[in-house]
Amino acid sequence: MLSPLSETVLLFRQKAERLSRMRLRSLTLACSLAALTVPAFGGAALAATSHHAAQKEKTVAKQPAAPEPDDMIIRVINGIPLTKRDVDNRGKLFALSTGLPVNAELMDRLRPQIIRQLIDERLRTQEILSRHINVAPEQIAAAIAGIERRNGMPENALRDKLAEDGVSLTTLIDQIRVQIGWVQVLRQELGARGRVSAREIAQREEALKREDGRIEYNLSEIFVRVEDPRHAEEELAFTNTVIQELRKGAPFPIVAAQFSESQTALDGGSMGWVQEDELDPAVVAMVKQMPVGVGAISNPITVPGGFVIISVNGKRVIGHQPGHVATIRQAFLPFDTQLNPAQVTPQQQQTLQKAMHYTQTVSSCAEVEAINKQNGEKRPTDPGELQLERLNPQMRDLMLSMPLNKLSRPLVSSDGIDLIMVCSKKEKNFADRPPSEIADQLMNERVEQTARQLDSDLHRRAMIVDVHGKPRGV
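For clarity, every value in this text was computed on a predicted model and none was experimentally measured.

Trainee: Hey, could you run me through the overall build of the chain in this one?
Mentor: The number of helices and strands found in the chain is 15 helices and 11 strands. Counting all 474 residues of the chain, 38% fall into the buried class. Across the chain, contacts joining residues at least 24 apart in sequence account for 76% of those joining residues at least 6 apart. Total accessible area on the chain is roughly 27,200 Å²; 55% of this is exposed by carbon and sulfur atoms.

If you want it as structure tokens, here you go:
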């Protein structure tokens, strides 16, 4: 919601634009009338004048526009400036995180949404500070380390990559600080409602039992908020731009974390398992038409408050999703160099002989654990409970055919040899939700509702002034 000052500025601009258009029409009409009354003998002089004006226009057109200064203030949010440098850095961070080349045309399309997102973050930051919430440097460092770990990057590699691409580390730190601090704000807002009781979990379990046999979907979303539904052209253009980048291969979780204005952004846009009656009818209609589990991206869906982009990760019947799970132990025997089948090194031959020996002598999962530790534990010994239906067909067939406590044949790759042992196998109904998952869903619903209400309140109380083109300090 615009502040009174912003409304005044907007009204003034609208009047100025109308006046400008009226003057332009008057000038055009006057020129047209003048052209009709020019005598025939004045034609040569008129042509010379026109030629001179055209040459002057060409000269002016050749001069490139002066670049906008980095310190140019775009908005002032409750007295705090937002500059062109802030917007450009966030755009570069988006390019780096998605791995896509971002050109000037794309950045022009992203720019309005980046500005809106940064305004939201400024308002949230001010709310965090007003509540005296402190985000410790250790929390930010842990978050950055987590990003590096999930992307297989060594320590401090992200800092180096940002510097290489001309992105200020402060841009990432500011975004992480707001995300962590905002979670603490929402915890304060929820108060006693920040805990889900056993009774509430039991009530949801009973509700699920009554819906046995109905369809539910595992969805991911990107929500783009619209402040004024009567003028949603910019938001729709941005939504379409995001869809284009997702369909080119931009990772959905990263784009959601960067741009989604739903609380699910903190989980990469994941909504988890939801039923049709929990979704907007327009979303249900789209989801029913979409393929499942292939990364398909929906067109923009109009929902209350904005637009949403959906991807369908899974589909199941409530109470009926049979499958198989297995627990395994694996040992990895690394090669010193990359394997060249035409020139196998002595070390690689010895490693294969060692692996063959293990297949004949090892008969327990504990022994596999010990072997992996002896070889440096380059890969996790226990990857956790595996749903066999989600594995690639070759690995799934191998697991299903293997007896318990029997070591697999050596699985040779370019960098070493894997040995796998199945410790347990069982059938499981994956439609059964554990209490912890139900509690998480109930809490996510409360957090999302609280976040949207608080964001709305912050915007309603804010003084946001558009001073585009005014450098800092002017």
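Trainee: What should I look at first to understand the packing of helix α3 (residues 84-98) against helix α10 (residues 252-259) in this one?
Mentor: Pairs of packed helices are described in terms of their axes, by the angle between the two and the distance that separates them. In contact at an axis separation of 9 Å, α3 and α10 are set at 165° when each is read in the N-to-C sense. The pairing of α3 with α10 is recorded here as roughly antiparallel in orientation. In terms of crossing hand, the pair formed by α3 and α10 is right-handed. Residue-level contacts link R90, L93, F94, S97 and T98 of α3 to I254, V255, Q258 and F259 of α10. Per-class residue counts for the contact of α3 with α10 are 5 nonpolar, 3 polar and 1 charged.

Trainee: What am I meant to see in the sheet that holds strand β3 (residues 215-225) here?
Mentor: Within a sheet, adjacent strands bond to each other through the backbone by hydrogen bonds, running parallel or antiparallel. Taken in spatial order, the 4 strands make up an open sheet running β4-β3-β6-β5, and their pairing is antiparallel. A single partner strand is all that each edge strand has here, and the edge strands are β4 (270-275) and β5 (301-303). On average, each strand axis in the sheet is tilted by 45° relative to the strand beside it, whichever way the strands run. With 5 bridges connecting them, β3 and β4 associate as antiparallel partners. Within β4, the position partnered with N218 by the bridge is W273. Sheet strands in contact with α10 are β3 and β6 (306-317), and its direction is about 45° off that of β3.

Trainee: What exactly am I supposed to notice about the environment of R90 here?
Mentor: Turning to its location among the elements, R90 is positioned in helix α3. A sequence separation of 27 residues divides R90 from Q117, and the C-alpha atoms of the two residues are 9.8 Å apart. In this view, R90 contacts I114, Q117, L118, E121, T171, Q175 and Q258; residues no more than four positions away in its chain are not counted.

Trainee: What am I meant to see in the nonpolar core here?
Mentor: Nonpolar side chains in soluble globular proteins tend to be buried together. Of all hydrophobic cores here, the largest spans 38 residues; its most connected members are I222, L246, V255 and I309. Counting only elements with at least two residues in this core, the list comes to β1 (72-77), α3, α4 (104-130), α7 (169-190), β3, α9 (233-248), α10 and α15 (435-461). Once you skip the residues sitting within four places of it in the chain, V255 turns out to touch F94, T98, I222, V242, L246, A250 and S260.

Trainee: When you look at a nonpolar patch on the surface in this model, what are you seeing that I'm missing?
Mentor: On the surface, a nonpolar cluster with roughly 240 Å² of combined accessible area is contributed by L352, M356 and V412. You can see V412 is positioned in strand β9 (residues 411-413). You can call V412 partly exposed: its relative accessible area is 48%.

Cut-offs applied
Residues numbered from 1 in each chain as written. Predicted model: local features only at pLDDT ≥ 70, side-chain atom pairs only at ≥ 80, totals over all residues. Heavy atoms only, no water. Helix = DSSP H or I, 4+ residues; strand = E, 2+ residues; numbered from the N terminus. Buried < 20%, exposed > 50% of the residue type's maximum accessible area, 1.4 Å probe, protein only. Contact = heavy atoms within 4.5 Å. Areas by Shrake-Rupley, 256 points an atom, 1.4 Å probe, with all protein chains shown as cover. Axes fitted to C-alpha atoms, helices over the stretch in contact; angles between N-to-C directions. Parallel < 35°, antiparallel > 145°, perpendicular 65-115°, else oblique. Left-handed = near helix turned anticlockwise from the far one by under 90°. Nonpolar A, V, L, I, M, F, W, Y, C, P; charged D, E, K, R; others polar. Pairing = 2+ DSSP bridges. Core = buried A, V, L, I, M, F, W, Y, C linked by side-chain atoms within 4.5 Å. Patch = residues over 30% accessible without salt bridge, like charges linked within 9 Å, V, L, I, M, F, W, Y side chains within 5 Å. Salt bridge = Lys/Arg side-chain N within 4 Å of Asp/Glu carboxyl O.

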